[in-house]
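# Residue-level structure breakdown
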Amino acid sequence: MEQITREVFWNIPVGLRVMFYISAVVASVIFAGGLWSRVSIWLRGADLHDDYVHGMGTLALARESFTKFFSADCFFAKRVFERSKSRGIILTVTIWSFLALFIGTLIIAIDFDLGLNFLKGDIYLAYSLILDIAGGLLGLCLVFYLVRRYLIKPERIVTFMDDGIVLSLMFLIVFSGFCTEGLRLLYFRPEMMDWSPVGYIFAGTFGLLLGDDKAAYLIAHRLAWLSHAGSAFTFIAYIPFSKQFHMFSAQIVTAAARARHERLRTILHD
Amino acid sequence: MKADERSFTSSLSKLQLIEIDSCTRCSECLNHCPVQDVTGNPAISPPEKIRMFREFIKATDGLKARLFGPKDIDKKLLEDFTKAVYECTTCGACGENCTVGIFSQRLWPMLRREMVSRGLGPYGAQANLPKVIAEKGNPYNKPAEERYSPWFPEGVKVSERADVAYYAGCTGAYDAQPMVKGDVRVFGAINEPFTMLPPEEEVCCGFPLFVTGQFDMLEDLVKRLVAGYKARGVKVLVSSCPCCVNIMARDWPSLYGKDLPFKIRHMTQYVVDNLNNGKLKVKRGLKERLIYHDPCYLSRGVGVIEEPREVLRSIPGVELLEFDNNRLNSKCCGAGGAARKVFLDNANGMARMTIDEAVEKRADKLILSCPACYNTVNASKEGHDKQIPVVDIMEVFADVVE
């Protein structure tokens, strides 16, 4: 039986692969510049004695941001849950699925770029299934956000271009990712393709649209891959300049709010 | 306006700059904003103010600004922002309900401070506050000799020195006199020595200056007041004004430069202490349905939430009602943030919503525990179709303990 895995950069010519790595470096440099810019702005603020972040420099803030990411307030969106159960669930699923996809991308990068080649057989199937479900759930969450922002809006909501850019980019990443996967599955029709349930649906849809034209699959796959890579790198570069930067800052504020509520019990009650 | 060399970050703390970066515009806060209730204008909403200020910071401190120089900011935009930040009552309901937890009750005064430093704030008559306070010691432009005399109850003795001191506060003393009179009557009923500063020494606590972003005189006022109480051997300073108590507990230590030589207590806490130790006895009952409104700077500000309720529950016969939004989620009555004198229609609108709910719940009296609330809600009754007696908690309590 053929070993179950997938070829990274399948159907991608060397020129585009080089462009991929150049784009990755450019996006990372812009991201790092933006991150530095924003954190250095934080450090310009007065270091108040009774502030939660008193005495914290760059490293301490980074540690705080990382560790508090796993707090109940953040990892289980507790503050949102307290206000709206449905939005709490949606945000929790968003965080978990985003994290799963991020880790999944890191794993495949390590596997491929370091030549470890461990993503095969059952490990690959499990990896594929988890990421497929994560991508599907993230896609559903993004649809919810888009509908709430632009279609069935709450009575009071403030929306700006940045909201649209962030949501559109994220949606494009997910959608183009599934298009890429679906077209690859359609081309190869591997035995265990139903371990990628969402990709399987996309493959079926493309099969209906494109018929048996394998050359069309290849062109469409390359276009989808380009959209996926392009939107992903644009998103990475855009994060520090957008509201999505809250993924690094909000957990610190949430932890500070928790500490402030504790202090409220003692400020006049000692 | 050409963005000057000075950064827009200069008035904010490190945590506040992180907060500015954390708003996701989820708009949960808008459901709780009392200014939104009466204006319905999202341009003065919390997420919009944060977004605009983030843009200002980007213009002077962002990556592009650092690489290519600061960007021009339209003067009209800065003026609109200033108006928005002063139209807020700083009640902090947005922060309490913020899904991230931004401490907005503290953030808004700091944004105001930044606009003051740029010559754009404060707003309207608020600009006179420093001059009036410097001259008269209070923001109401009233003489010091009228601070206590019009309302101070007969027969209550004030000691020269005592462990406990009472700070009446400017709004109570000049603008909500039944409230401070009630406080002193309760002090009389407790019958323990207490002291007060002479009227010319009991100057403004600094809160109106703080909340309007005018910080220049604060340190001087605080040092004068602390020195006065220290000289009288005070160990506990009691006030019934939530704004005074808030700045005393939260900001006086840093303005004074070290820990205060005395503790701060709200009047209701002091009463509960004395009910518990038996020095204060409730002598009469009251067959009334009372609805208590939590002042923003008392509940969200310093966490004094249950004590006022304990005071009211200690009165036999009282049926205590609650507003739909109560305790940490209380709705501003319109008096907050020094906005009531400048945006009168907003303040009236919010105050009347408070009255309407109290009437709807068939309360006999609307009970407040804040002189600014007392003044604003009472003033809004004029010409309003719904009416209810609006009284201070100590006004009611003094009647049953004397």
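Scroll up for the structure.
Residues numbered from 1 in each chain as written. Chains lettered and ligands numbered in written order. Predicted model: local features only at pLDDT ≥ 70, side-chain atom pairs only at ≥ 80, totals over all residues. Heavy atoms only, no water.

### Side note on the pairing of strand 1 (residues 164-167) of chain B
Residues and elements named next belong to chain B. Cut-off, in case you're wondering: Summary of the burial criterion: residues with accessible area below 20% of their type's maximum are buried, those above 50% are exposed, and those between are partly exposed, where the area comes from a 1.4 Å probe applied to protein chains only. Under the DSSP-based scheme used, a helix requires at least four consecutive residues in state H or I and a strand at least two consecutive residues in state E, with every element numbered from the N terminus. For two strands to be treated as a pair, DSSP must find no fewer than two bridges joining them.
Side chains of strand 1 alternate between two faces, with Val164 and Tyr166 and Ala165 and Tyr167 buried alike. One ladder, built from two bridges, connects strand 1 with strand 2 (residues 194-195); its direction is parallel. Paired with Ala165 across the two strands is Thr195, which belongs to strand 2. The sheet contact formed by strand 1 and strand 3 (residues 236-239) spans four bridges and is parallel. Its bridge partner lying in strand 3, Tyr167 is registered against Ser239.

### Thoughts on helix 5 (residues 85-113) of chain A
Residues spaced three or four apart along an α-helix face the same direction, because each turn holds 3.6 residues. Residues and elements named next belong to chain A. For the record, the criterion: Take the residue count of a helix, subtract one, and multiply by 1.5 Å to get its expected span. Contacts: residue pairs with any heavy atoms within 4.5 Å of one another.
Helix length check: helix 5, at 29 residues, gives a terminal C-alpha distance of 42 Å against a target of 42 Å (1.5 Å per residue), a fit within 8%. Elements in contact with the buried residues of helix 5: helix 2 (58-69), helix 3 (72-75), helix 4 (78-81) and helix 6 (121-151). Looking one or two residues past helix 5, Gly115 carries a phi angle of roughly 65°, positive in sign.

### Some words on the packing of helix 3 (residues 46-61) of chain B against helix 5 (residues 75-87) of chain B
All names here are of chain B. What counts, and what does not: Each axis is a line fitted through C-alpha atoms, taken for helices only over the stretch in contact, and angles between the N-to-C directions span 0 to 180 degrees. These descriptions rest on fixed angle ranges, namely under 35 degrees for roughly parallel, over 145 for roughly antiparallel, 65 to 115 for roughly perpendicular, and the rest for oblique. Crossing chirality is assigned from the near helix's rotation relative to the far helix, an anticlockwise turn below a right angle marking it left-handed and a clockwise turn marking it right-handed. Residues are grouped as follows: Ala, Val, Leu, Ile, Met, Phe, Trp, Tyr, Cys and Pro are nonpolar; Asp, Glu, Lys and Arg are charged; every other residue, Gly included, is polar.
Taken N-terminus to C-terminus, the directions of helix 3 and helix 5 make an angle of 140°; their axes are 11 Å apart at the nearest point. Considering the angle they form, helix 3 stands oblique to helix 5. Relative to helix 5, the crossing made by helix 3 is left-handed. Mapping the contact onto sequence places Lys49, Met52, Phe53 and Phe56 in helix 3 and Leu77, Leu78, Phe81, Ala84 and Val85 in helix 5. A per-class count over the contact of helix 3 with helix 5 returns eight nonpolar, no polar and one charged.

### With respect to the sheet that holds strand 8 (residues 390-392) of chain B
Residues and elements named next belong to chain B. As summarised here, the arrangement of the four strands in space is 6-5-7-8, forming an open sheet in which the pairing is parallel. Sheet topology places strand 6 (319-322) and strand 8 at the edges, where each strand pairs with a single neighbour. Averaged over all adjacent pairs, the angle separating strand axes in this sheet is 35°, with direction ignored. When strand 5 (residues 289-292) meets strand 7 (residues 365-368), the two strands line up parallel, connected through three bridges. Residue pairing in the sheet places Ile291 in a bridge with Leu366 of strand 7. Docked against the sheet, helix 19 (residues 371-380) engages strand 7 and strand 8, running at close to 165° with respect to strand 8.

From the geometry alone we can't say anything about function, so treat these as descriptive.
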